[in-house]
Amino acid sequence: MRPYWLDQALKHDTSEPCPTLQQDTRADVCIVGGGYTGLWTAIMLKEQNPELDVVIIEADICGAGASGRNGGCALSWSAKYFTLERLFGVEEAVRLVKASEQSIYAIGDFCRKYAVDADYRLDGTLYTATNRAQVGATDGVIAALERNGINSFTKRPLADVQRMAGSSKHLEGWFSPAAASVQPGKLVRGLRRVALELGVRLYECTPMSGLEEGKPATVNTPHGRVKADRVVLAINAWMARAFPQFERTVAIVSSDMIITEPRPDLLKKIGLTSGVTVLDSRIFVHYYHNTPDGRIMLGKGGNTFAYGGRMLPVFDQPSPYESLLRSSLGEFFPDFEGVAIESTWNGPSDRSVTGLPFFGQMSQSGNVFYGFGYSGSGVGPCHMGGQILSSMVLGLDNEWTRSPLLNGPLGYFPPEPIRYLGSLMVRNAIRRKEQAEDHGRRPRRLDVGLAKFAAAAGKADKG
């Protein structure tokens, strides 16, 4: 059973699956992973150098990982400004905020250029507060954006916020037009089609079984090898298990989602009629948007944690948190109380210590490149990842290859079992803290202190 978005996309995608690699082959570039990052990289390489022989190997089918099962919120890094400035300095932080917003628009341009129907709607985003404790939480980062001349957010009157978001649960809201919603499965399948049209060779159901560094490097698979001058590893959450040196760079944690049956009549009644994405100010945020066919998709991060970076069977099953999400849906939208849930799903996201992805090259030969750690916010930034990795592969000297984003991991989690036990302790403290705040109570000091360990998990910096 495929997650809802991918299942829906496959019903519209009549193309044949690509073959499994059954022999040895040679390529200029071998990309491991057929999700957003791998496909954007391949497409950008072919657009810049059509003669380049690019091979992608994908363990399942394109979109089977995070790219086909995320929340479909294409967001910029503007609300992560404090983190960017702390890590990279003001100049680069400003550049990255601008570049991340450009990526949102570029995804729309790509969909128009190649006739990709991904339900792309450039309807902006609302960062909101849903309890008194959250009110004002975003003010600091908005003020910093304003000081640097890069602020796209405006504070909207409460009546506007509640109307745009379709819910009276919101107590304040900042709106930015620089955000979009997409149908993630349709986007990844569209990227796949374009990559094939541009001449990329794609082998599906072809997992990497090993990597031999050297010039050329060799990517081993069960039934054949790819010898390539350059290799790009675009397997995201799977990096932690594939390469021991990365095991402590990310924590694997689920994001869980539900989607309702179509009720356009109720959407019209509550006013949630645009493709705006809505996120509250929790650490493990609620996020939602409607769909063009009249559904509400609602999700929440920070639920299931994986020990030692393992890919748990639950990540490919319906969400075990359906009752929690259903309850949240009812709180946001009382009119949807009895509406049927069409599907639930979850998936692994690779949370880095900073909440931002990192890139680098990992071989003595200097020809194996990687990027991962999108931390549950990859829809827009994967487009930047494609720019970074294609620039590295082509050996370009540009603002991407000069960026400190290419310095590899910027922090490590403790070893197991401390990471796993610590993750559960922090998660449960956050739940207690936010439950107290929801009920107007002051949370325990210990819970507030523990919650600070997960500050990077939020979609917006608090300051």
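Per an unreviewed UniProt entry, the protein carries the name FAD-dependent oxidoreductase and comes from Pseudomonas cavernicola.

Participant: Quick one: what's the story with the overall build of the protein, residue by residue and with numbers?
Facilitator: Broken down by element type, the protein carries 13 helices and 18 strands. For 463 residues, the compact-globule formula gives about 23 Å, and the C-alpha radius of gyration of the protein, at 21 Å, lands near that figure. With respect to the three principal axes, the spread of C-alpha positions in the protein is 60 × 45 × 45 Å. Classification of the 463 residues of the protein by burial places 62% in the buried group. Put simply, of all contacts in the protein between residues at least 6 apart along the chain, 77% involve residues at least 24 apart.

Participant: Describe the UniProt feature "domain: FAD dependent oxidoreductase" (unreviewed entry) in the protein, and please don't skip the residues or the numbers.
Facilitator: Here the UniProt-annotated "domain: FAD dependent oxidoreductase" (unreviewed entry) positions come out as residues 28–391. End-to-end, the C-alpha atoms of residues 28–391 are 15 Å apart, and along that stretch the chain is 30% helix and 26% strand.

Participant: Pulling in residues and values, what's your account of the nonpolar core?
Facilitator: Core analysis: the largest hydrophobic core is formed by 79 residues, its most contacted members being Ile31, Tyr81, Phe110 and Leu405. Not counting the four nearest positions on each side in its chain, Tyr81 is found in contact with Val90, Ala93, Val94, Val97, Val141, Ala144, Leu145, Asn148, Ile150 and Asp461.

Participant: Before we move on, could you go through the pairing of strand 11 (residues 224–233) and cite the residues and values that matter?
Facilitator: With seven bridges connecting them, strand 1 (residues 25–32) and strand 11 associate as parallel partners. Across the sheet, the residue bridging to Ile31 is Val232, located in strand 11. Sheet topology note: the strand 10 (residues 217–221)/strand 11 ladder contains five bridges and is antiparallel. When the bridges of strand 11 are listed, Thr218 appears paired with Lys227. Adjacent in sequence and paired antiparallel, strand 10 and strand 11 are bridged by two residues. Pairing of strand 11 with strand 18 (residues 368–372) involves three bridges; the strand directions are parallel. Across the sheet, residue Val232 finds its bridge partner in strand 18, namely Phe369.

Rules of the game
Residues numbered from 1 in each chain as written. Predicted model: local features only at pLDDT ≥ 70, side-chain atom pairs only at ≥ 80, totals over all residues. Heavy atoms only, no water. Helix = DSSP H or I, 4+ residues; strand = E, 2+ residues; numbered from the N terminus. Rg over C-alpha atoms; globule rule 2.2 N^0.38 Å. Buried < 20%, exposed > 50% of the residue type's maximum accessible area, 1.4 Å probe, protein only. Contact = heavy atoms within 4.5 Å. UniProt positions renumbered as here; feature names shortened; annotations may be inferred. Core = buried A, V, L, I, M, F, W, Y, C linked by side-chain atoms within 4.5 Å. Pairing = 2+ DSSP bridges.

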